[in-house]
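Fold and geometry: a report
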2 protein chains.
Amino acid sequence: MAHDEHVVIAGAGLAGALLAVDLARMGYRVDLYERRPDPRQAGYIGGRSINLALSVRGLTALAEVGLDAPVLEDAIRMPGRMLHDAQGDLTFQAYSHDPADAINSVSRGGLNITLLDAADAEPNVAIHFDERCVDADLDETIAVFKNNATGEVTQVKADCIVGADGAFSAIRAPMMRTDRFDYSQTYLRHGYKELVIPPAIEIEGADPTKHDGFAIEPNALHIWPRGGSMMIALPNADKSFTCTLFWPFEGDHAFESIDPNDAASVRAFFTLHYPDAVPVMPTLTDDYSRNPVSSLVTVRCDPWHRNRTVLVGDAAHAIVPFFGQGMNAAFEDVRVLCSLLREDGGFDRVLPAYSEARKANADAIADMALDNFIEMRDTVADEEFLYRKRVEQALHGSMPERAQPLYNLVSFSNIPYDEAREKGRALGRIVARVAERLPRQEAALLTDDAWNERVVSIGRELLGA
Amino acid sequence: MAHDEHVVIAGAGLAGALLAVDLARMGYRVDLYERRPDPRQAGYIGGRSINLALSVRGLTALAEVGLDAPVLEDAIRMPGRMLHDAQGDLTFQAYSHDPADAINSVSRGGLNITLLDAADAEPNVAIHFDERCVDADLDETIAVFKNNATGEVTQVKADCIVGADGAFSAIRAPMMRTDRFDYSQTYLRHGYKELVIPPAIEIEGADPTKHDGFAIEPNALHIWPRGGSMMIALPNADKSFTCTLFWPFEGDHAFESIDPNDAASVRAFFTLHYPDAVPVMPTLTDDYSRNPVSSLVTVRCDPWHRNRTVLVGDAAHAIVPFFGQGMNAAFEDVRVLCSLLREDGGFDRVLPAYSEARKANADAIADMALDNFIEMRDTVADEEFLYRKRVEQALHGSMPERAQPLYNLVSFSNIPYDEAREKGRALGRIVARVAERLPRQEAALLTDDAWNERVVSIGRELLGA
């Protein structure tokens, strides 16, 4: 299956590297250009990154090239959320009725290196580091790169150019200047800052035997929901956690509320709002003062192609990180694009079909990611919200196919995002009606079994099942 | 009042030229750069332009520099819409109960020349033609221009840079690359093409004495509403009309429906859908084949400034032309910016205040312009719509201050656009309730006076007046 067709990919991040492997296996000649140095020599210089939660969509795409199992080996399972309230009390909330369902904390740097190694192992992939994409000629299908060290400019003509070069894509820039190309970039009024919970052994007074060497429960995505603001923490393979603050830039409980260099104020603020975290964050005030505040952007465009140039991943649809779907959606782009190419092979037909197929799905996950921020920071600790989650999972448990919650459809299935959103919302309306007919005050009077039976019976009636 | 401060304006179109005059009168030193040649020597080379409807906001801004009266001298009053139905029957719909209210058809080229002459007459304005803006340094307040003829690049440092360089602003490009700058460009699925109705004297069989030399009524904005599509015509001083088709690119009654070079098909299509226009369009098939189809874009961004660089007009808020407010909104930007500078003078305080003050208003008129397209093409010929317009104007006639219709507030007042929208919508709800209580079927049984009395009485009751 040798096409002898030549694809140039701008960006050897997660989506670009995976696409290179997949295309190479299909017989395409691939040149993969990356503006950064080779992370395998230079050490990983990512953009400042939020930890990645790998779920079914990402795993399905990795499985196409046999990389799902090796990647999962280094991942840490997170079958649910651990909620930390303002008193330091904990509640574990499983993501799914099915204990096999979990999202997986992975290192962006490690995953990128795995994918680059796989691309390097393909004889028809050439990787070019330190080459910054500076322009593209969409009529001639020529991408232009400039070497960071030598300043040398290279024009590369290809049969297809792929922009896998992230939220601020250079390939997208000339597309934006073409007629009837819709585009938007919208920043959140919240920013983020990373902090760290080191391994238990590095924390005075912590018990390194309690959580397998971690300072807190490793098999969970930790959330400190505080209304308009929150902190989260994801486990790393080295038994540390990367914590991320999501606070407004301005207003209450905001980055402007504290002078980052005033250690006493920082400590006082965290002691008030995140009391159980302070004892496991020995470098808190240093980290807070040293680490930058970064912004969060949603990018949308339409279409995702012009002639034989096409976008994948963040270049086409940068989303906020609150559903843990950025990488998963990017990998799904790669899987769908390659699957269309396998069916047809003609870029002129496949690129419009790919754009058409993916656009509504990317819009859906972009919206759901924004919605999930509100869920995570505001409602996740609300009694009624927790009760409805319980109803939802009870229905899901008794009717796994008929009653699939939004979170499960997004994280534990490959159903297109826009369909997942529609189905998830429909179930949400059923759950609300069940909770009206069997309110949580009444639920408290029932045994778990009796409650479950009632919930399922009302749910079946409403679903007509 | 000599500031000795230096302002560089990119773009000597309508907004840029007016701003130059206004700033010069305040004592600023102004350098006005324009990528096109001087239209007074070269003849006017506009972008392809839809005729301009000058209304109160634009006139108010022109009055600040004494140019309202001279501009109105060459304008043609349009106190209402003339609706052409598919049978060629006409209905005149006045814009206002007050016969003094009218919008004014002006030539973009003529108005631009008037403004350039005024700018040239100011000793502290220098105009530089054939200089294309290619970049700006927002930290150093430096704009970079490249001469079209010589290729020479000039860097100009200023106290303030103004991007008045239109929907595809070069000044905005570096702003877009700064953190937390929201931006969107959204194309309509409709495009436009210009046609012409020549003076009566050039049309075989037309009576040049009937409409003062025009082929159809000159004192009206003509609309041929056809559901998803429409044609409009605005009068020109030379007794011709510029007609504009607004049709979808694809679908029914769309540009793709007809082969532009098939004169028989073009004529048949127009004879079917625009029967009364065909006899006054002798060059129809040539014009249709020769003239391009152009796209329509809405551009929004936020904020409108970075440091000491700021946007006015289309550069900040390109809108679709269906409310005739693009130029008026741009002139209002100029008026508000200059008024803030008169009060304060400090760019560092004024630019954020200007951006803050204008953003919501620009969003409001952008939305209303999109809404008005639907009104013009779909509902303007609907019986119930016409009845409600009659109710609205009856209420406005009896309570000119309390009951101000949206169209009047936008076109015949200087009330901020967002306030106009809110007030106009509130009146719209009252009108709907009046029309429910006195339906048009009943209205037909009443004399005009009796109907008017009933409408006003119900309206007063609902308004609590």
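Residues numbered from 1 in each chain as written. Chains lettered and ligands numbered in written order. Predicted model: local features only at pLDDT ≥ 70, side-chain atom pairs only at ≥ 80, totals over all residues. Heavy atoms only, no water.

Each strand in a sheet pairs with its neighbour through backbone hydrogen bonds, running either in the same direction (parallel) or in the opposite one (antiparallel). Residue and element names in this part refer to chain A. The strand order across the open sheet built from three strands is β9-β10-β11, with neighbouring strands paired in antiparallel fashion. Looking at the sheet topology across the chains shown, the edges are occupied by β9 (131–137) and β11 (153–157). Between one strand axis and the next, the sheet turns by 25° as a mean value, whatever way the strands run. One ladder, built from six bridges, connects β9 with strand β10 (residues 142–147); its direction is antiparallel. Note that in β10 the partner of Ala 136 across the bridge is Ala 143. (Pairing = 2+ DSSP bridges. Helix = DSSP H or I, 4+ residues; strand = E, 2+ residues; numbered from the N terminus. Axes fitted to C-alpha atoms, helices over the stretch in contact; angles between N-to-C directions.)

Residue and element names in this part refer to chain A. Closest axis-to-axis distance for the helix α1 (residues 14–25)/helix α5 (residues 108–120) pair is 8 Å, and the angle between their directions is 25°. What the angle tells us is that α1 and α5 run roughly parallel. Every pair of crossing elements has a handedness; the one defined by α1 and α5 is left-handed. Contacts between α1 and α5 involve Leu 14, Ala 17, Leu 18, Ala 20 and Val 21 from the first element and Arg 108, Leu 111, Asn 112, Leu 115, Leu 116, Ala 118 and Ala 119 from the second. Broken down by class, the residue content of the contact of α1 with α5 amounts to ten nonpolar, one polar and one charged. (Parallel < 35°, antiparallel > 145°, perpendicular 65-115°, else oblique. Left-handed = near helix turned anticlockwise from the far one by under 90°. Contact = heavy atoms within 4.5 Å. Nonpolar A, V, L, I, M, F, W, Y, C, P; charged D, E, K, R; others polar.)

With that settled, the discussion passes to the interface of chain A and chain B. Contacts between the two partners involve 16 residues from chain A and, on the opposite side, 16 residues from chain B. The largest per-residue losses of area from chain A upon contact with chain B belong to A:Arg180, A:Gln185 and A:Tyr187, which jointly make up 45% of the total buried on that side. Where chain A packs against chain B, one counts two salt bridges. One salt bridge in this structure joins A:Arg180 and B:Glu250, with 3.8 Å as the shortest N-O distance. (Buried area = accessible area lost by both parts, 1.4 Å probe. Salt bridge = Lys/Arg side-chain N within 4 Å of Asp/Glu carboxyl O.)

In this section: helix α11 (residues 347–379) of chain A. Side chains three or four residues apart in an α-helix point the same way, a direct result of the helix having 3.6 residues per turn. Helix length check: α11(A), at 33 residues, gives a terminal C-alpha distance of 45 Å against a target of 48 Å (1.5 Å per residue), a fit within 8%. In the structure, α11(A) departs most strongly from a straight axis at A:Arg358, where the bend amounts to approximately 30°. (Expected span 1.5 Å × (residues − 1). Bend = angle between axes of the 7 residues up to and from the residue.)

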